[in-house]
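These are the residues of each chain, in order.
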Amino acid sequence: MVGRKVYVAGHRGMVGSALVRRLEGEGCHVLTAPRETDLREQALVRQWFKENAPDVVILAAAKVGGIWANDNAPAEFLYDNLAIEMNVIDAARENAAEKLLFLGSSCIYPRDAPQPMAEDALLTGPLESTNEWYAIAKIAGIKLCQAYRRQYGCDFISAMPTNLYGPGDNFDLATSHVLPALIRKAHEARIGQGDFTVWGTGSPLREFLHVDDFADACVHLLKTYSGEVPVNVGSGQEVSIRELAKLVADIVGSAGELVFDGTKPDGTPRKLLDSSYLAGLGWTPKITLAQGIASTYEAFLANGAPTHTDRK
Ligand SMILES: NC(=O)C1=CN([C@@H]2O[C@H](COP(=O)(O)OP(=O)(O)OC[C@H]3O[C@@H](n4cnc5c(N)ncnc54)[C@H](OP(=O)(O)O)[C@@H]3O)[C@@H](O)[C@H]2O)C=CC1
Ligand SMILES: C[C@H]1O[C@H](OP(=O)(O)OP(=O)(O)OC[C@H]2O[C@@H](n3cnc4c(=O)[nH]c(N)nc43)[C@H](O)[C@@H]2O)[C@@H](O)[C@@H](O)C1=O
């Protein structure tokens with residue numbers, strides 16, 4: 001990475017900002033684009049690449065959201081993600097980027113894939129209905145990287161992150177993932193501004209990885225991996241949503257009862273990644289779930305915790 005121009009697309013997002021922090025010590029020159037360079041617009045993307053000519057591209061820009069957002073904005077999750085991927089991946093090829101890292105997601109494996117899910121489970125069965133639009137777009141991005149490797153010899157790789165969380169997460173209750181939502185709800189319950197409501201039955205199982213660990217894994221993959229197979233990046237730390245809510249309540253100091261909202265979907269019953277391939281490449285995570293939740297809650301408070309009146 002030393003001396004390379006590394007473009008982090010989506011640098012204001014949770015993953016993008018963690019990557020910018022992680023790349024500080026790598027001796028590379030980090031490039032970012034202003035938000036006005038809408039990555040859905042091919043002409044703007046081509047122009048930006050022509051002017052900046054990155055050596056390495058990390059594609060962390062995407063339309064992202066939790067289960068409710070995915071289920072309720074299928075067109076945006078499909079269209080925006082397809083457009084961003086096509087434009088950035090092709091511009092990287094056009095400008096002869098040495099390497100590109102694309103990000104898939106554990107939620108794009110089949111809903112009922114055998115657990116833990118190995119990389120070869122992709123495209124072996126039907127998708128989870130709440131996020132099939134996003135999943136189709138992400139699968140297309142992975143396929144585009146594979147096709148560009150085969151036809152044009154581009155060293156474009158993909159990673160499959162599990163559910164991520166950490167500083168810079170989205171705490172909006174309608175569009176967020178579960179962990180930031182639970183942190184915010186536990187905090188509001190603690191200060192007497194709301195119930196600690198948990199969507200669904202609490203029985204689904206999820207695996208969580210801190211975003212700083214994920215950014216470190218991305219840099220490790222860029223340095224050590226070249227191949228078609230999208231590499232799973234998980235923590236092995238799996239909990240039920242009920243256990244997670246209790247852990248968050250303990251860390252935040254919220255003593256109230258959990259209320260379960262059965263009108264909200266559970267989604268996939270379980271999605272634990274088999275991350276043994278990545279372990280074989282010499283990478284393992286460092287941050288435990290309890291440590292990560294505590295530091296994320298600190299960051300939430302430091303950024304001025306929103307109150308229930310800010311809910312969208
Ligand atoms: N968070 C998670 O649990 C997981 C994330 N991932 C993947 O990791 C990547 C990063 O996710 P995360 O950091 O959590 O998401 P964020 O929403 O925090 O970040 C995404 C970034 O992309 C930007 N972006 C979206 N659309 C455009 C566009 N049209 N043009 C330019 N920029 C755009 C967003 O800008 P703005 O906010 O201004 O729209 C935002 O800064 C994504 O590829 C996601 O699919 C995969 C698995 C799990
Ligand atoms: C990372 C992954 O994220 C998405 O998949 P998901 O894991 O199902 O997403 P989630 O974090 O929103 O929910 C996890 C579980 O938690 C429960 N849950 C409880 N209470 C709240 C709650 O308050 N908010 C949310 N969002 N969920 C809650 C919720 O009902 C579900 O059972 C994909 O769409 C896809 O986009 C993707 O890539």
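If you look the protein up in an unreviewed UniProt entry, it shows as GDP-L-fucose synthase from Aurantiacibacter rhizosphaerae. Listed in UniProt under the heading Function (unreviewed entry), the comment for the protein reads: "Catalyzes the two-step NADP-dependent conversion of GDP-4-dehydro-6-deoxy-D-mannose to GDP-fucose, involving an epimerase and a reductase reaction." Here is the UniProt Sequence similarities (unreviewed entry) comment for the protein, exactly as written: "Belongs to the NAD(P)-dependent epimerase/dehydratase family. Fucose synthase subfamily."

J.: Is there a simple way to think about the overall build of the protein in this case?
T.: Along its length, the protein carries 10 helices and 12 strands. In terms of C-alpha radius of gyration, the protein reaches 19 Å, essentially the compact-globule figure of 20 Å for 312 residues. Dimensions of the protein, computed from the C-alpha atoms along their principal axes, are close to 55 × 40 × 40 Å. Long-range contacts, defined here as pairs at least 24 residues apart, represent 80% of the contacts in the protein between residues at least 6 apart. With the model as given, the accessible surface of the protein reaches about 13,300 Å², and the carbon-plus-sulfur share is 52%. Each charge class in the protein can be summarised by its mean position, and for the 30 positive and 38 negative side chains these summaries are 2 Å apart.

J.: Looking at this structure, I do not really get the site of ligand 2. What am I missing?
T.: Around ligand 2, 22 residues are found, and the nearest of them are Ile-67, Lys-185, Arg-206, Pro-265 and Asp-266. In the environment of ligand 2, an oxygen atom lies 3.0 Å from a nitrogen or oxygen atom belonging to the side chain of Asn-163. Contact distances for ligand 2 include 2.9 Å between a nitrogen atom and a backbone N or O atom of Trp-199. Against a free-state accessible area of 690 Å², the protein chains account for coverage of 98% of ligand 2. Among the secondary structure elements, those contributing two or more residues to the shell around ligand 2 are helix H3 (67–72), helix H6 (178–190) and strand S7 (196–199). Per-element accounting of the shell around ligand 2 gives the leading share, three residues, to H6. When the residues that make up the shell around ligand 2 are grouped by side-chain class, the tally is 10 nonpolar, eight polar and four charged. Mapped onto the domain boundaries, the shell around ligand 2 takes at least three residues apiece from domain 1 (5–165 + 209–233) and domain 2 (178–205 + 237–269 + 288–303).

J.: Teacher, can you tell me more about the pattern of salt bridges here?
T.: Oppositely charged side chains can form a pair if their charged atoms are brought close together. All told, the structure shown has 20 salt bridges when counted by the stated rule. Across the pair Asp-155 and Lys-99 runs a salt bridge whose closest N-O atoms are separated by 3.0 Å. You can see Asp-155 sitting in the loop between helix H5 (132–152) and strand S5 (156–161) and its partner Lys-99 sitting in strand S4 (residues 99–103), a full 56 residues away along the chain. Like Lys-99, Asp-155 is buried. Between Asp-261 and Lys-264 there is a salt bridge; the shortest N-O distance is 3.4 Å. Accessibility expressed as a relative area gives 23% for Lys-264, which makes it partly exposed. One network of salt bridges, in which partners are shared, links Arg-22, Glu-26, Asp-216, Lys-223 and Lys-286.

J.: Sorry, what's going on with the sheet that holds strand S9 (residues 231–233) here?
T.: The pairing of strands in a sheet happens through backbone hydrogen bonds and is either parallel or antiparallel. The strand order S2-S1-S3-S4-S5-S9 describes an open sheet built from six strands, whose pairing is parallel. Looking along the sheet, the strands with just one partner apiece sit at the ends: strand S2 (29–31) and S9. For this sheet, the mean inter-axis angle between neighbouring strands, taken without regard to orientation, is 25 degrees. Of the strand pairs in this sheet, strand S3 (residues 56–59) and S4 are connected by four bridges, and their pairing is parallel. Residue Val-57 lies in a different strand from S4, and its bridge partner there is Leu-100. Packing against the sheet, helix H7 (residues 211–224) makes contact with S3, S4, S5 and S9, and its axis sits at approximately 145 degrees to S4.

J.: It is not clear to me how the site of ligand 1 should be interpreted in this structure. Could you clarify?
T.: Surveying the vicinity of ligand 1 reveals 25 residues, the closest of which are Met-14, Val-15, Arg-35, Tyr-134 and Lys-138. For ligand 1, an oxygen atom lies 3.3 Å from a polar atom in the backbone of Ala-62. Within the complex, the protein chains bury 82% of what would otherwise be the 890 Å² of accessible surface of ligand 1. Looking at the shell around ligand 1, the elements that each hand over two or more residues are helix H1 (14–23), H5 and strand S6 (163–165). Across the shell around ligand 1, the residue classes tally to 12 nonpolar, eight polar and five charged.

J.: For this particular structure, what's the right way to read the nonpolar core?
T.: Note that soluble globular proteins tend to have their nonpolar side chains buried in a common cluster. Counting residues in hydrophobic clusters, the biggest one holds 39 residues, and the most contacted among them are Tyr-7, Phe-49, Val-88 and Leu-100. For this core, the secondary structure elements donating two or more residues are strand S1 (5–9), helix H2 (42–52), S3, helix H4 (74–94), S4, H5 and S5. Setting aside chain neighbours within four positions, we find Tyr-7 in contact with Leu-31, Thr-32, Ala-33, Leu-39, Trp-48, Phe-49, Pro-54, Val-56, Val-57 and Ile-58. Among the nonpolar cores identified, the runner-up in size contains 31 residues, and Val-6, Val-8, Leu-222 and Tyr-225 belong to it.

Criteria and thresholds
Residues numbered from 1 in each chain as written. Chains lettered and ligands numbered in written order. Predicted model: local features only at pLDDT ≥ 70, side-chain atom pairs only at ≥ 80, totals over all residues. Heavy atoms only, no water. UniProt positions renumbered as here; feature names shortened; annotations may be inferred. Helix = DSSP H or I, 4+ residues; strand = E, 2+ residues; numbered from the N terminus. Rg over C-alpha atoms; globule rule 2.2 N^0.38 Å. Contact = heavy atoms within 4.5 Å. Areas by Shrake-Rupley, 256 points an atom, 1.4 Å probe, with all protein chains shown as cover. Lys, Arg positive; Asp, Glu negative; His and termini not counted. Charge placed at Lys NZ, Arg CZ, Asp CG, Glu CD. Near = heavy atom within 4 Å. Polar contact = N/O pair within 3.5 Å; in protein donor to acceptor, adjacent residues only side chain to side chain. Nonpolar A, V, L, I, M, F, W, Y, C, P; charged D, E, K, R; others polar. Domains from an automatic or database assignment. Salt bridge = Lys/Arg side-chain N within 4 Å of Asp/Glu carboxyl O. Buried < 20%, exposed > 50% of the residue type's maximum accessible area, 1.4 Å probe, protein only. Pairing = 2+ DSSP bridges. Axes fitted to C-alpha atoms, helices over the stretch in contact; angles between N-to-C directions. Core = buried A, V, L, I, M, F, W, Y, C linked by side-chain atoms within 4.5 Å.

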